Amino acid sequence: MPATAKSNGPSHATPVELVRRREPVQIGLRPASQLGKSDLLVLGVYADGSLPRAAQPFDAALDGRLRELAKQTDLPKKVGETLLVYYASGDTARRVLLLSLGPRDEFDGKAYHKALASAAQAVASSSTRSVDIPLLEVSDAEHSTAWRVQQASRALADGYYRFAAPLFAAKVSQENAPTPQICLLVEDPITPELEHAARSGRAIAEGMALTKDLGNLPGNVCNPGYLADAARALGKEFGFPVEVLEREDMAKLGMESALSVGKASAEPCRFIVMKYFGSEAEEQPIVLVGKGVTFDTGGVSLKPGDDLDMMKYDMCGAASVFGALKMVARLALPINVIGIIGAVENMPGGRASRPGDVVRSMSGQTIEILNTDAEGRLVLCDALTYAERFQPAYVIDIATLTGACVIALGAQTSGLFANDDVLADELLQCGADTGDRAWRMPLWDEYQEQLKSNFADMSNLGGRPAGAVTAACFLSRFTKGYRWAHLDIAGTASVNGERKGATGRPVPLISEFLLKRAERPRA
Ligand code: BES
Ligand code: MN
Ligand code: ZN
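Rules behind the numbers
- Chains are numbered independently. Their residues run from 1 in the order of the written sequence.
- Lettering of chains starts at A and numbering of ligands starts at 1, both following the order in which they are written.
- Since the coordinates come from a predicted model, pLDDT governs what is reported: local features require at least 70, and pairs of side-chain atoms require 80 or more to be given and counted, while whole-chain, interface and lining totals use all residues.
- Side-chain measures were taken over the full set of non-hydrogen atoms in the model, leaving aside hydrogen atoms and water.
- Any cysteine sulfur atom paired with another within 2.5 Å is treated as part of a disulfide.
- Type-normalised accessible area, obtained with a 1.4 Å probe on protein chains alone, sets the label of each residue: buried when under 20%, exposed when over 50%, and partly exposed for intermediate values.
- Orientation is described by lines fitted to C-alpha atoms, with helices fitted over the stretch in contact, and by angles between N-to-C directions that extend from 0 to 180 degrees.
- Helix and strand labels come from DSSP, where a helix needs a run of H or I of at least four residues and a strand needs a run of E of at least two; each type is numbered from the N terminus.
- Less than a right angle of anticlockwise turn of the near helix away from the far helix marks a crossing as left-handed, whereas a clockwise turn marks it as right-handed.
- Residues are treated as being in contact if the distance between any of their heavy atoms lies within 4.5 Å.
- In this classification, Asp, Glu, Lys and Arg are treated as charged, Ala, Val, Leu, Ile, Met, Phe, Trp, Tyr, Cys and Pro as nonpolar, and every other residue, Gly included, as polar.
- Distances define the donors: N, O and S atoms within 2.8 Å of the metal qualify, as do those within 3.2 Å of Na, K or Ca. Water is excluded, so some sites may look unfinished.
- By the criteria applied here, four donors are tetrahedral when all angles lie between 85 and 135 degrees, four are square planar and six octahedral when opposite donors are over 155 degrees apart and every other angle lies between 65 and 115, and any other arrangement is irregular.
- Buriedness of a pocket was judged along seven lines, with at least five required to meet protein on both sides within 12 Å; pockets are open sets of points on a 1 Å grid over the protein atoms alone, cavities are sets where a 1.4 Å probe fits but cannot get out, and lining residues have an atom within 4 Å of a point.
- Grid points are joined across faces, edges and corners, and a volume is the space filled by probe spheres set on the points.
- Source of the domain bounds: an automatic or database domain assignment.
- pLDDT measures how confident the predictor is about each residue, on a scale from 0 to 100.
- Paired strands are those between which DSSP finds at least two bridges.
- The rule is short: rings of Phe, Tyr and Trp, with Trp giving its six-membered ring, pair when the centres are within 6.5 Å, and they are stacked under 30 degrees, edge-to-face over 60, tilted in between.

1. A look at the state of the cysteines
So, step 1. Applying the stated criterion across every chain yields a total of zero disulfides.
So, step 2. Not part of a disulfide, cysteine 430 finds its nearest cysteine sulfur in cysteine 405, a span of 18 Å.
So, step 3. When its relative accessible area of 0% is taken as the criterion, cysteine 430 is described as buried.

2. With respect to the packing of helix α5 (residues 109-124) against helix α6 (residues 145-159)
So, step 1. At their nearest, the axes of α5 and α6 sit 8 Å apart, and the two run at 35° to each other. For the element pair α5 and α6, the recorded crossing hand is right-handed. Packed against α5, whose contacting residues are Gly109, Tyr112, His113, Leu116, Ala117, Ala120, Gln121 and Ala124, the element α6 presents Trp147, Arg148, Val149, Gln151, Ala152, Arg154, Ala155, Leu156 and Gly159 at the interface.
So, step 2. Residues belonging to the contact of α5 with α6 are distributed by class as follows: 10 nonpolar, five polar and two charged.

3. Let's talk about the coordination of the manganese ion (ligand 2)
So, step 1. Taken together, the protein ligands of the manganese ion (ligand 2) are Asp296 (OD), Asp373 (O), Asp373 (OD) and Glu375 (OE), with distances of 2.1 to 2.2 Å.
So, step 2. Bound by six donor atoms, the manganese ion (ligand 2) shows angles of 71 to 168° at the metal and therefore irregular coordination geometry.
So, step 3. Summarised as a motif, the one-chain spacing of the donors to the manganese ion (ligand 2) is D-x76-D-x1-E.
So, step 4. The metal-metal distance between the manganese ion (ligand 2) and the zinc ion (ligand 3) comes to 3.1 Å, with aspartate 296 coordinating both. Separated by 77 residues along the polypeptide, aspartate 296 in strand β9 (residues 286-296) and aspartate 373 in the loop between β12 (366-369) and α12 (376-387) bring together distant segments of the chain.

4. Brief notes about the coordination of the zinc ion (ligand 3)
So, step 1. Around the zinc ion (ligand 3), the donor atoms from the protein are Lys291 (NZ), Asp296 (OD), Asp314 (OD) and Glu375 (OE), and they sit 2.0 to 2.4 Å away.
So, step 2. Expressed as a motif, the donor residue spacing for the zinc ion (ligand 3) is K-x4-D-x17-D-x60-E.
So, step 3. Assessed through its relative accessible area of 3%, aspartate 314 is described here as buried.

5. Focus on the layout of surface pockets
So, step 1. Size it by volume and the largest pocket reaches roughly 1800 Å³.
So, step 2. For the largest pocket, the lining is made up of 49 residues, of which Gln121, Asp158, Lys212, Arg499 and Thr503 are closest to its centre.
So, step 3. Taken together, the elements giving at least two residues each to the lining of the largest pocket come down to α5, α6, α7 (192-216), α14 (421-434) and β19 (501-502).
So, step 4. Ranked by the residues each element gives to the lining of the largest pocket, the list is headed by α5, at eight residues.
So, step 5. Considered class by class, the residues forming the lining of the largest pocket number 15 nonpolar, 16 polar and 18 charged.
So, step 6. No fewer than three residues from each of domain 1 (15-208) and domain 2 (218-519) sit in the lining of the largest pocket.

6. So, the confidence of the model for the protein chain
So, step 1. When the pLDDT values of the protein chain are averaged, the result is 93; 93% of them are 70 or greater.
So, step 2. Throughout residues 1-10 the model reports pLDDT below 50, and contacts reaching past four residues in sequence, or to other chains, amount to four contacts.

7. Topic: the sheet that holds strand β11 (residues 357-360)
So, step 1. Read from one edge of the open sheet, three strands run β11-β12-β16, paired in mixed fashion. Both outer strands of the open sheet, β11 and β16 (458-459), are each paired with one neighbouring strand and no more.
So, step 2. The pairing of β11 with β12 spans four bridges and is classified as antiparallel. Residue pairing for β12: valine 358 is matched across the bridge by glutamate 368.

8. Some details on the packing of aromatic side chains
Note on aromatic pairs: each is described by the distance of the centres and the angle between the planes.
So, step 1. In total, this model carries eight aromatic pairs according to the counting rule given.
So, step 2. Judged by centre distance (5.3 Å) and plane angle (40°), the rings of tyrosine 112 and tryptophan 147 are tilted. On the criterion of sequence distance, the pair formed by tyrosine 112 in helix α5 and tryptophan 147 in helix α6 is long-range, its members being 35 residues apart.
So, step 3. An aromatic cluster is built from Tyr46, Phe107, Tyr112 and Trp147, whose rings are joined through pairwise contacts.

9. What about empty space enclosed by the protein?
So, step 1. A full pass over the atoms with the stated rule returns two cavities of 30 Å³ or more.
So, step 2. In this structure, the largest cavity spans a volume of roughly 80 Å³.
So, step 3. Lining the largest cavity, in full, are Ser260, Val261, Gly299, Val300, Asn346, Met347, Ala352, Ser353, Ile369, Thr372, Glu375 and Leu378.
So, step 4. Taken together, the residues of the lining of the largest cavity sort by class into six nonpolar, five polar and one charged.
So, step 5. Around the second largest cavity sit Val42, Leu99, Tyr112, Leu116, Ile133, Pro134, Leu135, Leu136, Ala152 and Leu184, which together line it.
So, step 6. Within the residue set of the lining of the second largest cavity, elements represented by two or more residues are α5 and β5 (130-134).
So, step 7. By residue class, the composition of the lining of the second largest cavity is 10 nonpolar, no polar and no charged.

Here it is, written out as structure tokens:
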């Protein structure tokens, strides 16, 4: 076959080719009283020079010299600042990473997350094989030891994340570094609950790594077909079924709205359904719906060119559904979770939707497409209608939906919308517990008026005021049959600038929600 004939059609590489398998970091637990020798000791130091309780046996064994060391060095005082020092003990020099914790009574959950994230960076770049970390205490009483273990485990494993697609290998350092062994030293007895917390934290980080990998892959690699292959690969790895609907299947179901977004792309749309059934009882599933726009040019309502490369991250909602499912499957949680992804590429071109076009959604409601750049809701509405068939306990959609949400909440906080207060409160709490926070926004009827159309049941454009709210209001017209929440992660899923990359959010929040559900008492 001539080379040209081969290169014409749409193509995608297989996931295994592009994202290397990495050995996850090992994270274990040890009683603090059991001393050992590692390459690196991470030593938290409070502002008054005192050490965490779990570090005291170490210090005692060295006749208080660790405390002395912490006092003598000029460790910067801000929470999370670190200083690597060498400490000669016996015949080898041991490295000690001093970690500044600030005043003991102000070291709360938030500070804990901050300190650990920064320690994780320092640990991961220290290229040591074995690391001992006496667990830090927190001042606020609501945080249990299990919480401290889980958060530490997640932060440390996440610190080792490197985007590791071989195509971009030149950028990856520490290529062949051995799998590091991290040990958390705890003062309490090591219970199965604590072991589970350590394992969960690592599994969440593993899920986040998948989410980041998929997000960071460029649009010419991670297209709808690639996402479908990645889903099949995940299903195969963990033994759950994955269904991929092709364009024709979607058309038969009446998904004209979702299909309209991908019409001008050379990469055909896919509709991906992953089904994890971990509960033996026939329990209603949690359905996670992800926006999988693998590149968003805006279509005919073309976006301006500045930072347009960031629109490869417009599938981060989908990527977080992958990440959450991987976490659930890794831990074999006894719950049912279904992941649904509308995977499309939003391109301009001769077949593209025009502003003013009217399409019929799978629900039967018609939509006037006033702006082809408001494409996420066009994809999600059909996925949300499809979700009904699973008689879900809850549906949570996750989407990089609006620039307006970035204006409202910035890069710190995801926008949360819900038609159910219990669900909303629970998600907010999960966000607070994990430091992956969301803030609830209104879904009031007053806003629905902005979606009026003279030519269809609704338009896909609510105008500039309250853009994140009207986008959510649009979705709410398709979620009347179940309890539903929507997370707008346009600001939180990726960062631009020097540290450009996917963040793995909101995998911690969603994971926490699913972990709690797995633990809840059943009738
Ligand atoms: N993918 C964008 C939203 C987005 C913006 C994500 C910035 C991440 C960073 C979405 O499809 C979009 O283009 N939304 C439009 C909607 C508007 C046309 C109603 C927007 O926010 O401008
Ligand atoms: Mn758009
Ligand atoms: Zn988009």
